[in-house]
Amino acid sequence: QAAAAAQAAAAQAAQAEAADSWYLALLGFAEHFRTSSPPKIRLCVHCLQAVFPFKPPQRIEARTHLQLGSVLYHHTKNSEQARSHLEKAWLISQQIPQFEDVKFEAASLLSELYCQENSVDAAKPLLRKAIQISQQTPYWHCRLLFQLAQLHTLEKDLVSACDLLGVGAEYARVVGSEYTRALFLLSKGMLLLMERKLQEVHPLLTLCGQIVENWQGNPIQKESLRVFFLVLQVTHYLDAGQVKSVKPCLKQLQQCIQTISTLHDDEILPSNPADLFHWLPKEHMCVLVYLVTVMHSMQAGYLEKAQKYTDKALMQLEKLKMLDCSPILSSFQVILLEHIIMCRLVTGHKATALQEISQVCQLCQQSPRLFSNHAAQLHTLLGLYCVSVNCMDNAEAQFTTALRLTNHQELWAFIVTNLASVYIREGNRHQEVLYSLLERINPDHSFPVSSHCLRAAAFYVRGLFSFFQGRYNEAKRFLRETLKMSNAEDLNRLTACSLVLLGHIFYVLGNHRESNNMVVPAMQLASKIPDMSVQLWSSALLRDLNKACGNAMDAHEAAQMHQNFSQQLLQDHIEACSLPEHNLITWTDGPPPVQFQAQNGPNTSLASLL
């Protein structure tokens, strides 16, 4: 009897070994085909499908469904089959004890697929169920909470997303992961900043700062938390238009990213599974720091510095996009281009700006989500371009379209400020609308946003309006307010614009000495930025001032400067208006039109079109 039992056990073992060997062979072949160069996905799928006729145990069956679903999801367009396999993996794995990795990976991938198919209502209950049953598995519980919070964020339901991140932070604290607690809290801080809930942001960021400083762990993880924390602080300052106040934080951030780039990625896995998260790859963080530096340089009016950092960031992005198709890289690229386009319009490079607007259109065509997030900015940029080439009716149409598409308060105030300046230049055509707009951005009381920079700009627009109406004393009051605010935060462009307009007012009033005291520093600042329009305006005023004062030599020199600026601007104007992309100024509805984009890319020159 004992011999028979031993024989049966041996036979069973041999059968299990045989089963293992066929399974491992098929798995080996599948992996070989998946990792071939180029991958042989059809053969990989065949090998995995060959597992099922052997009637494998439930564990192997569930894992194979997950592997098939994953391969089909990531490497093919056959989402129906991918969904079917992932649903089976999720269903079977729930019946098997201690099978967490397969169970929760199936839930995570399946909900991702549902979202891709716009079945968000199917993804949410699936993730909630997975979160509910994963509380004993810290890594998956945290990962699924992040995933559901991200889903709510994409749906613009920031309240639910913040609640989930709060739950995650508390769970991470309970399981002893201060690192992941900080990640949850910083993510929540980011959403609160997006919602403008500043009263809640300040104590949260203070707490995050303490956690980050006190946490002793992997140096790269610690520095990446500091980068996240400092990026939030810097963007908070920039949103508030506080260009000077932000400098210490920005310097810390730049030093922090230099430290990270010298650290080696240690492959030591954290002892706490809840710590197995990274905020962003090191290379993405570098691009992000370049990006916030560009934002700062643009606001402060250091446009050559903005250009230098944009070039570095775009070069880095091109390299990254060859190996990585992460959607965040396209977002970084679009935001960088949006800032450099504004720089080009100020420095008198309208043709290049227009080609870069077309580039943003092309990027937005590849991603509906990117377009819905940046449509208002795109129309705003087209509005600014229209102003620079004096197409005021088109500028009005673009700004009006942008206002219709945005619910972002700062962007709204920026657009209204620019639209008001268009109406002021147009004279008496839009008096009623203009008065209504000026009332909505009245800097003296109930200004709609907390941005120091935008409020200073609103004072400037008021000054411009009073100047055009001949109310010079009122104009001086508004412009002195702009100067006071822009000097307090180093807003160089607003300072230059206010000085030259004040100089113009004093010239009209016959106070040539005071006029000269305004125009000379305006010219120096405009040359430093460089701001081509203010240089043109200042040189014309200097010419007239010196002529009026009998300084023939200085008048001739200023006239020569004015002539040079005029020629440069005119040449650029002609080149921009000759480009096929110029037709974009008529687009005010729907996705960006394809037919207006040049075939030659950003190097199209005037000569090739004439």
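Up top you'll find the structure we're talking about.
Since this is a predicted model, take the numbers as computed values, not measurements.

Rules of the game
Residues numbered from 1 in each chain as written. Predicted model: local features only at pLDDT ≥ 70, side-chain atom pairs only at ≥ 80, totals over all residues. Heavy atoms only, no water. Helix = DSSP H or I, 4+ residues; strand = E, 2+ residues; numbered from the N terminus. Buried < 20%, exposed > 50% of the residue type's maximum accessible area, 1.4 Å probe, protein only. Contact = heavy atoms within 4.5 Å. Lys, Arg positive; Asp, Glu negative; His and termini not counted. Charge placed at Lys NZ, Arg CZ, Asp CG, Glu CD. Phe/Tyr/Trp six-rings, centres within 6.5 Å; stacked < 30°, edge-to-face > 60°. Expected span 1.5 Å × (residues − 1). Arc of directions from axis to C-beta. Axes fitted to C-alpha atoms, helices over the stretch in contact; angles between N-to-C directions. Parallel < 35°, antiparallel > 145°, perpendicular 65-115°, else oblique. Left-handed = near helix turned anticlockwise from the far one by under 90°. Nonpolar A, V, L, I, M, F, W, Y, C, P; charged D, E, K, R; others polar. Salt bridge = Lys/Arg side-chain N within 4 Å of Asp/Glu carboxyl O.

Asker: Can you tell me about the overall build of the protein chain, naming the residues and giving the values?
Answerer: Helix and strand content of the protein chain: 27 helices and 0 strands. Every one of the 610 residues in the protein chain was classed for burial, and the buried ones make up 50%. A separation of at least 24 residues holds for 62% of the contacts in the protein chain among residues at least 6 apart in sequence. In the protein chain, which carries 50 positive and 53 negative side-chain charges, the distance between the mean positions of the two groups comes to 2 Å.

Asker: Lay out the packing of aromatic side chains with the relevant residues and their values.
Answerer: For any pair of aromatic rings, geometry is given as the distance between the ring centres together with the angle between the planes. Summed over the entire model, instances satisfying the criterion amount to 14 aromatic pairs. A ring pair is formed by phenylalanine 146 and phenylalanine 184, whose centres lie 4.0 Å apart and whose planes are at 5 degrees; its orientation type is stacked. Of this pair, phenylalanine 146 sits in helix α7 (residues 138-154) while phenylalanine 184 sits in helix α9 (residues 178-194), and the two are 38 residues apart along the sequence. Note on accessibility: phenylalanine 146 and phenylalanine 184 belong to one class, buried. Ring geometry for phenylalanine 459 versus phenylalanine 478: centroids 6.3 Å apart, planes at 40 degrees, classification tilted. Highlighted residues: phenylalanine 459 in helix α21 (residues 452-468) and phenylalanine 478 in helix α22 (residues 472-488), separated in sequence by 19 residues. In this structure an aromatic cluster arises from ring pairing among Phe104, Tyr139, Trp140, Phe146, Phe184 and Phe277.

Asker: A description of helix α14 (residues 303-323) should follow, citing residues and the corresponding values.
Answerer: Here α14 contains 21 residues, and its C-alpha end-to-end distance of 31 Å stays within 8% of the 30 Å for a straight helix at 1.5 Å per residue. Those residues of α14 lying buried are Leu303, Ala306, Tyr309, Thr310, Ala313, Leu317 and Leu320. For α14, the arc enclosing every buried residue in end-on projection is 115 degrees, short of the 170-degree limit, so these residues lie on one face. Away from its buried face, by an angle of more than 90 degrees, α14 presents the exposed residues Glu304, Met315, Lys319 and Met322. Residues of α14 that are buried in the fold lie against α13 (282-300) and α15 (327-347).

Asker: So what's going on with the packing of helix α24 (residues 512-528) against helix α25 (residues 532-548)? Residues and values would help.
Answerer: Where α24 contacts α25, the axes come no closer than 9 Å and their chain directions differ by 150 degrees. As far as their axial angle goes, α25 and α24 are roughly antiparallel. Our pair here, α24 against α25, has a crossing hand that is left-handed. On the side of α24, the interface is formed by His512, Ser515, Asn516, Val519, Val520, Ala522, Met523, Ala526 and Ser527, while α25 contributes Val534, Gln535, Ser538, Ser539, Leu541, Leu542, Leu545 and Ala548. Looking at side-chain class alone, the contact of α24 with α25 contains 10 nonpolar, 7 polar and no charged residues.

Asker: Could you give me a rundown of the pattern of salt bridges, with the residues and numbers involved?
Answerer: Counting across every chain of the model gives 19 salt bridges. Residues glutamate 195 and lysine 197 are paired through a salt bridge, measuring 3.7 Å at the closest nitrogen-oxygen approach. Take lysine 197: its relative accessible area is 31%, and that puts it in the partly exposed class. Its salt-bridge partner being aspartate 490, residue lysine 247 comes within 3.3 Å of it at the nearest N-O pair. Taken together, the residues span a long stretch of sequence, with lysine 247 in helix α12 (residues 247-262) and aspartate 490 in the loop between α22 and α23 (492-508) at a distance of 243 residues. With a relative accessible area of 32%, lysine 247 lands in the partly exposed category.

By themselves, these are just geometric observations and shouldn't be taken as functional.
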